Amino acid sequence: MLMKQTVLILLMASAALTGAVADDDVKLTGTVIGTQQTVDYNTWAQSTTVNTCANAFDGDLDTYFASWERSYTWAGLDLGTPHIITRVGWAPRNDVHGEERVLLGVFEGANSPDFMDALPLYIITERGTIGTVAHADVDCSRGFRYVRYVGPADARCNIAEVEFYGHEGEGDDTHLARLTNLPTVSIHTLDGVIPYDKETDITAQLTIISADGLLSEPGAVRERGNASRSFPKKPWRIKFDKKQRVLDAPAKAKKWTLINNYGDKTLMRNLLAFELSRRLGMPYTPYGTSVDVLLNGEYKGCYQLCDQIQVHPDRVAIDEMTADDNSGEALTGGYLVEVDAYAYEELSWFNSAKGNPVTIKSPDEETITQQQFSYIQQQFNAMERNWRTYLDLNTFLRHFLVGELSGNTDTYWSVYMYKQRGDDLFYTGPVWDFDLAFDNDDRTYPVNQKNDYIYRSWGSCAGNMRSFVNQIVVNDPSARAQLLAIWDEARQGGLTEENLTAFIDEWEARLGDSQRLNFIRWPILNTYVHQNPRLWGSYEAEVQNVRRFMRERIAWMDRKLGYSYEPSGIAEAAAVDASQPCQVYTLQGMPCGSDLRNLAPGIYIVRQGQAAHKVRVE
């Protein structure tokens, strides 16, 4: 559990980047430790005697430490006993690249010699100055025996001097440091092994520092994703050894994802799509928030920490199958599947009778039985043949609206669906993967100039999903009427340009410091990556593009659905006194009785006396 405590931020505003040191600071000494293999630039040979980490502590600005490996290398001190670090100093190597090589260097403290328990102390956010030792204050109350400077990626560390100041003491955890105002996720792997595929778990200590405190537990990390794994900024899945409640997430779980957002230069597209999912009344919307990430002390960028899509009481809330659930009602669920263009790369998958590739996510490939595999394949085929009987239209249409409102070209490239025990219906959701949404795909940009839905206008569809969706949202009058009713419910419930613009504005402000560091680490704002259709030139312009798209898209959807938005004039959602008599109505005015219990998820109008309020049921 997270302990309530104050966590102070490692912003450059808190640092005095000068050569001066306060009189009461004590420069610390100890046994030099660090990366042993170095490079001899005279011969370009590997060495252990030239340019060693001892040079970083010799007081000479003309000597330097340069490691043989280009990344994850460091120079530090064993102080003998724990010390509270109050100040750090650094000087760049005296060469043409020296000043930039310290940018994003990270200082850490630990009490284990392998630095598995390390916490960040400071990140360098500005170029260095040749011949000058810059200093920055550190506000971290824990004492550390081992301290180090970890060079930025691809820099061979290349540091002339490193300094630590402070005083002896065990300290406490009343205030800890993070890289920006966002939570910091720090991952340290056993023996420094870097995750290299999405099958192999690497033993790790997983640490999350937030405004509410510290969570640091053993676990594992591995790569995740499909196309996103090809990017230089890698996506990861972290797994705690024991279930943890992370930050303000609803779920207490072992598995969590770190989404890399490499092609999404706003760093918020998934978060905005999750907000659309909530406003469109999806039964479950994945948790997600932005974080800064360190791996073995090296800064990796701004990520989104999100739920793992899995069967879980606070995620996909269906019964979890066991190997014994092979007959009767037990065989009927629950199942989590994904219509998945990458299904052929998985171990447990099938092609449906209608030609749609389907991965079975739960039960997973290690536990699913032949009876379970055959059952879910047969039921999925039955749903495709007779969707009016076996498909839950409510979730399917809400999921459709999230995809279309966001302009997501990948909506039907990957579609999660689930089936509960004792229930014949397939439910659609949760929503996932929006890096190409909100006008970020050169194959469909500009989305709002197209006359038809994005899935019909060069959107990416797995198998024959385009035909399947057409049967419902194009060819079926009753489904279209239900689609319009859901849209009306959402619009009257607060899905407005003003509310979504406010959401974008809030995240732009919150991401201000983190995005700056991210685009120092990954200088791609003026580079086409993934499917970028335009170079907008700055982070602010990237966000403005999404803001513009969202404003235009709401109006586009209104026109496409033949809908005219008129505010209801009824008070926004408010607390209702359940002890008092009330009458419940849909937003279209259909009576729903006088009991708020057992209502389907959605927005309702509740009248009590002369007052009327909108109430969201989740």
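Further up the page is the structure itself.
Residues numbered from 1 in each chain as written. Predicted model: local features only at pLDDT ≥ 70, side-chain atom pairs only at ≥ 80, totals over all residues. Heavy atoms only, no water.

## Observations regarding the side chain of Q205
Position of Q205 relative to the elements: it lies in strand β13 (residues 202-210). Side chain to side chain, Q205 and S216 meet in a polar contact 3.1 Å long. With residues up to four places along the chain from it excluded, the contact list for Q205 reads M116, S186, I187, H188, S216, E217 and P218. (Helix = DSSP H or I, 4+ residues; strand = E, 2+ residues; numbered from the N terminus. Polar contact = N/O pair within 3.5 Å; in protein donor to acceptor, adjacent residues only side chain to side chain. Contact = heavy atoms within 4.5 Å.)

## Examining the sheet that holds strand β23 (residues 427-428)
With antiparallel pairing, the five strands of this open sheet are ordered in space as β20-β21-β19-β22-β23. Both edges of this open sheet fall to β20 (349-351) and β23, since each of them pairs with a single strand only. (Pairing = 2+ DSSP bridges.)

## Considerations on the packing of helix α7 (residues 477-492) against helix α10 (residues 539-561)
Orientation of α7 relative to α10, taken along the N-to-C sense of each, is 145°, at an axis distance of 11 Å. Like other packed secondary-structure pairs, α7 and α10 cross with a definite hand, here left-handed. Along its contact with α7, which presents L483, L484, W487 and R491, the element α10 presents I554, M557, D558 and L561. Grouping the constituent residues of the contact of α7 with α10 by class yields six nonpolar, no polar and two charged. (Axes fitted to C-alpha atoms, helices over the stretch in contact; angles between N-to-C directions. Left-handed = near helix turned anticlockwise from the far one by under 90°. Nonpolar A, V, L, I, M, F, W, Y, C, P; charged D, E, K, R; others polar.)

## Section: the packing of aromatic side chains
The final tally for this structure, using the stated rule, is 26 aromatic pairs. On the basis of an interplanar angle of 75° and a centroid distance of 6.1 Å, the ring pair of F350 and F373 is categorised as edge-to-face. Of this pair, F350 sits in strand β20 while F373 sits in helix α3 (residues 370-385), placing them 23 residues apart in sequence. The pair F350 / F373 is uniform in exposure class, with both members buried. Of note, R534 hangs over the ring of W536, and the distance from its end group to the ring centre comes to 4.2 Å. Stacked on the ring of W556, the Lys or Arg R553 has its end atom at 4.0 Å from the ring centre. (Phe/Tyr/Trp six-rings, centres within 6.5 Å; stacked < 30°, edge-to-face > 60°. Buried < 20%, exposed > 50% of the residue type's maximum accessible area, 1.4 Å probe, protein only. Lys NZ or Arg CZ within 6 Å of the ring centre and 35° of its normal.)

## Some details on unusual backbone geometry
With omega at 0°, the peptide bond leading from G429 into P430 counts as cis. Looking at where P430 falls in the secondary structure, it is placed in the loop between β23 and α6 (465-473). Residue P446 is reached from Y445 by a cis peptide bond, and omega for that bond is -5°. Looking at the secondary structure, you find P446 in the loop between β23 and α6. Its identity as a non-glycine residue notwithstanding, D439 has a phi of 60°, on the positive side. Along the chain, D439 falls in the loop between β23 and α6. Positioned with a positive phi, H530 is a non-glycine residue whose angle comes to about 55°. As for its placement among the helices and strands, H530 is situated in the loop between α9 (512-521) and α10. Look at H530 and you get partly exposed, because its relative accessible area is 32%.

## Some thoughts on a positive patch on the surface
A cluster of basic residues, K243, R245, K252 and K254, forms a positive patch on the protein surface. Where the positive patch is concerned, the elements lending two or more residues are β15 (236-245) and β16 (252-259). Checked against the element boundaries, K252 lands in strand β16. (Patch = residues over 30% accessible without salt bridge, like charges linked within 9 Å, V, L, I, M, F, W, Y side chains within 5 Å. Areas by Shrake-Rupley, 256 points an atom, 1.4 Å probe, with all protein chains shown as cover. Salt bridge = Lys/Arg side-chain N within 4 Å of Asp/Glu carboxyl O. Lys, Arg positive; Asp, Glu negative; His and termini not counted. Charge placed at Lys NZ, Arg CZ, Asp CG, Glu CD.)

## As for the sheet that holds strand β12 (residues 184-189)
Ordered by their spatial adjacency, seven strands build a closed barrel running β12-β13-β14-β15-β16-β18-β17, and the pairing between neighbours is mixed. Strand-to-strand, the axes of this sheet are offset by a mean angle of 35°, without reference to chain direction. In the sheet, β16 pairs with strand β18 (residues 298-307) via four bridges, with the strands oriented antiparallel. In the sheet register, T257 faces β18, and the bridge partner there is C306. Along the sheet, α9 makes contact with β17 (288-295) and β18, crossing β18 at roughly 125°.

## What about a negative patch on the surface?
On the surface, a cluster of negative charge is contributed by E320, D364, E365 and E366. By the element assignment, E366 lies in the loop between β21 (357-362) and α3. The class of E366 is exposed, set by a relative accessible area of 72%.

## What about the environment of T174?
If you trace the backbone, T174 turns up in the loop between β10 (159-168) and β11 (175-178). Residue T174 is classed as partly exposed on the basis of its relative accessible area of 42%. Note: C-alpha distance between T174 and G213 (39 residues apart in sequence) is 8.4 Å. Polar contacts involving the side chain of T174 include one to the side chain of D172, which spans 2.8 Å.

## Notes on the side chain of T428
Examined against the element boundaries, T428 turns out to sit in strand β23. Note on T428: relative accessible area 1%, which makes it buried. Apart from residues no more than four positions distant in its own chain, T428 is found in contact with M282, L391, T395, F396, H399, V415, Y416, M417 and Y418.

By themselves, these figures tell us nothing about what the structure is for.
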